[in-house]
Amino acid sequence: MGKKRGFSILKKQGINEKCYAVPQQLTGTTGIQMITESGIIKRDDSYEKIYCCEENAAAASNGEKIRGCTMLLRNADVDFAFYEDCTVHKVFLLIRLAAKGIEEAGEAFRVLEGDMQGNLYTFGIVLRPLDADGELRSIHRLVMSDTPGSRMDINHYVERHSGWLPDMEMKNRAEEKKWLRVTDNGELRRVFYVRRMSSGDAADICRLVRASAACRLLVTCYEPVEDRYVAARIRQEYFSADNIFAHLERKNYGIGRVLGSDRENERRYVFAGIYFVLGAESEENLQAAGQELSEGLGRYRCEVAAFPGEQKSAYRHLLTFRPWAPVKMNLMPAQDIVQMNPFYRETAGNHTEVKEADAFLRFFDSMT
């Protein structure tokens, strides 16, 4: 089997495991250029791994445990995303990091996994890293989730690629004006994102989306950002707001702590995105589900918007674990993403009052 059609082993990659160049057909639909036997994915200049997450016997209902899980990921300086497959009730954790090569990426994941697997178990979560076959199977299942009865009993995805690669082209989805139509059963799908939300309301927004009977997939993704970047952008956008900055710095919380900090590598803020897929068997039901959700979210003064342009492109990005490709992110304090965690079980608070720092942050975010 030639390199262009199948997986081929790459020689001398500086890592003690098999590394595969993926077929061009798969690269074209997923962006994956290389995958190792243990599941390290290379896309452009970044390296990724996918983990299956489950609650352990001591279910995590304590907010402090979930806070520890979230802060561990934030402090590791990696981009991460939670995938909630609402059709089969599975949760995946996607981690992305930058490295100079596969050897450096392998060592980084080894250290990170050693830290995460012990700590996350304490936080109430069992973390299971997927190998190459497991990752390809998970991507394939997401891509084919709209097609009941599709052949999903494939073993050894790397070896038996001819049985599933054609599915990755999503030829069973027809692009229509406002949505995708699943040609096998006529059902409709549409990809949405949330914008201009108050960071304190993000957890409530996630809960409402999860509760929608039409929700098929919920993705929350995060990029930690250094305080010095946030401070520089704020000062650049509001160069005439020195009096406001001085006032905030004296308070020494929220943005004031960022503006007055001399610790350049602190990461008190993240860029966060909320994306989701709604599905229904008819145009009327899909519009009704979208309208119901928009009305429910209306009290949070956010906007639910469909991705502009082709829905198929946005849908493919989400289903193939590329949530950062359609960039629709909000800047928010890191502590406000804790309750967005899929395993957080406590009731979200009522955020009718917006703190001064958060109001300024939302205004800054809307301008940039």
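Residues numbered from 1 in each chain as written. Predicted model: local features only at pLDDT ≥ 70, side-chain atom pairs only at ≥ 80, totals over all residues. Heavy atoms only, no water.

## So, helix 9 (residues 283–297)
Between its first and last C-alpha, helix 9 extends 21 Å over 15 residues, near the 21 Å set by a 1.5 Å rise per residue. Among all positions of helix 9, only Leu286, Ala289, Gly290, Leu293 and Leu297 are buried. Taken down its axis, helix 9 places every buried residue within 95 degrees of arc, on the same side. Exposed residues on helix 9 whose side chains face more than 90 degrees from its buried face are Glu284, Glu292 and Glu295. Where helix 9 is buried, its residues touch strand 11 (188–195), helix 5 (202–211), strand 13 (269–280) and strand 14 (303–306). (Helix = DSSP H or I, 4+ residues; strand = E, 2+ residues; numbered from the N terminus. Expected span 1.5 Å × (residues − 1). Buried < 20%, exposed > 50% of the residue type's maximum accessible area, 1.4 Å probe, protein only. Arc of directions from axis to C-beta. Contact = heavy atoms within 4.5 Å.)

## Topic: the packing of aromatic side chains
Under the counting rule described, the total for this entry stands at ten aromatic pairs. Put simply, the rings of Phe7, Tyr20, Tyr157 and Trp164 pair up and form one aromatic cluster. Across the ring face of Trp324, the terminal group of Arg96 is positioned such that the distance to the ring centre comes to 4.2 Å. (Phe/Tyr/Trp six-rings, centres within 6.5 Å; stacked < 30°, edge-to-face > 60°. Lys NZ or Arg CZ within 6 Å of the ring centre and 35° of its normal.)

## Remarks on the nonpolar core
Formed by 59 residues in total, the largest nonpolar core has its most connected members in Tyr47, Leu93, Ile95, Ile205, Phe276 and Met340. Here this core gets six residues from one element, more than from any other, and that element is strand 13. Among all residues touching Ile205, those that are not within four sequence positions of it are Val194, Met197, Ile274, Leu297, Tyr300 and Cys302. Ile41, Ala305, Leu318 and Leu319 belong to the second-largest nonpolar core, a separate cluster that totals 44 residues. (Core = buried A, V, L, I, M, F, W, Y, C linked by side-chain atoms within 4.5 Å.)

## Things to note about the pairing of strand 11
Extensive coverage of strand 11 is indicated by the burial of six of its eight residues. Of the strand pairs in this sheet, strand 10 (residues 180–182) and strand 11 are connected by two bridges, and their pairing is antiparallel. Of the residues in strand 11, the one forming a bridge with Arg181 is Leu188. Count of turn residues in the strand 10/strand 11 antiparallel hairpin: five residues, of which Gly186 carries a positive phi of about 80 degrees. As paired elements, strand 11 and strand 13 share six bridges and run antiparallel to each other. By the bridge assignment, Tyr193 is partnered in strand 13 with Tyr275. The pairing of strand 11 with strand 14 spans four bridges and is classified as antiparallel. Counted as the bridge partner of Arg195 is Glu303 from strand 14. (Pairing = 2+ DSSP bridges.)

## A word on the side chain of Thr29
Checked against the element boundaries, Thr29 lands in helix 1 (residues 24–30). The class for Thr29 is buried, based on a relative accessible area of 8%. Aside from chain neighbours lying at most four places away, what touches Thr29 is Met168, Glu169, Arg316, Thr320 and Arg322.

## Comments concerning unusual backbone geometry
Of note in this structure, His89 is not a glycine but carries a positive phi near 55 degrees. When you line up the elements, His89 lands in the loop between strand 6 (79–85) and strand 7 (90–98). On the accessibility criterion, His89 (72% relative accessible area) is exposed.

## Notes on the pattern of salt bridges
In the structure shown here, the tally under the stated rule is 13 salt bridges. The salt bridge involving Glu107 is made with Arg110; its shortest N-O contact spans 2.7 Å. Of this pair, Glu107 and Arg110 both sit in helix 3 (residues 102–122), separated by three residues, roughly a single helical turn. Its relative accessible area of 52% is what places Arg110 among the exposed residues. With its nearest N and O atoms 3.1 Å apart, the salt bridge here joins Asp146 to Arg173. Of this pair, Asp146 sits in the loop between helix 4 (132–143) and strand 9 (173–175) while Arg173 is found in strand 9, placing the two residues 27 residues apart along the sequence. Since its relative accessible area comes to 4%, Asp146 is described here as buried. Three or more residues are tied together by salt bridges with common partners; here these are Asp146, Arg173, Glu187 and Arg189. (Salt bridge = Lys/Arg side-chain N within 4 Å of Asp/Glu carboxyl O.)

## Here's the deal with helix 5
Looking only at helix 5, the buried set comprises Ala202, Ala203, Asp204, Ile205, Cys206 and Val209. Residues of helix 5 that are buried sit in contact with strand 11, strand 12 (215–225), strand 13, helix 9 and strand 15 (330–333).

## Points about the confidence of the model for the chain
Mean pLDDT for the chain: 81, with 76% of residues reaching 70 or above. Per-element confidence in the chain is highest for strand 4 (residues 41–43), whose mean pLDDT is 95, and lowest for helix 11 (residues 356–367), whose mean pLDDT is 49. Residue range residues 348–357 is modelled with pLDDT below 50. Its contacts to residues more than four positions away, or to other chains, number 18 contacts. (pLDDT = per-residue confidence, 0-100.)

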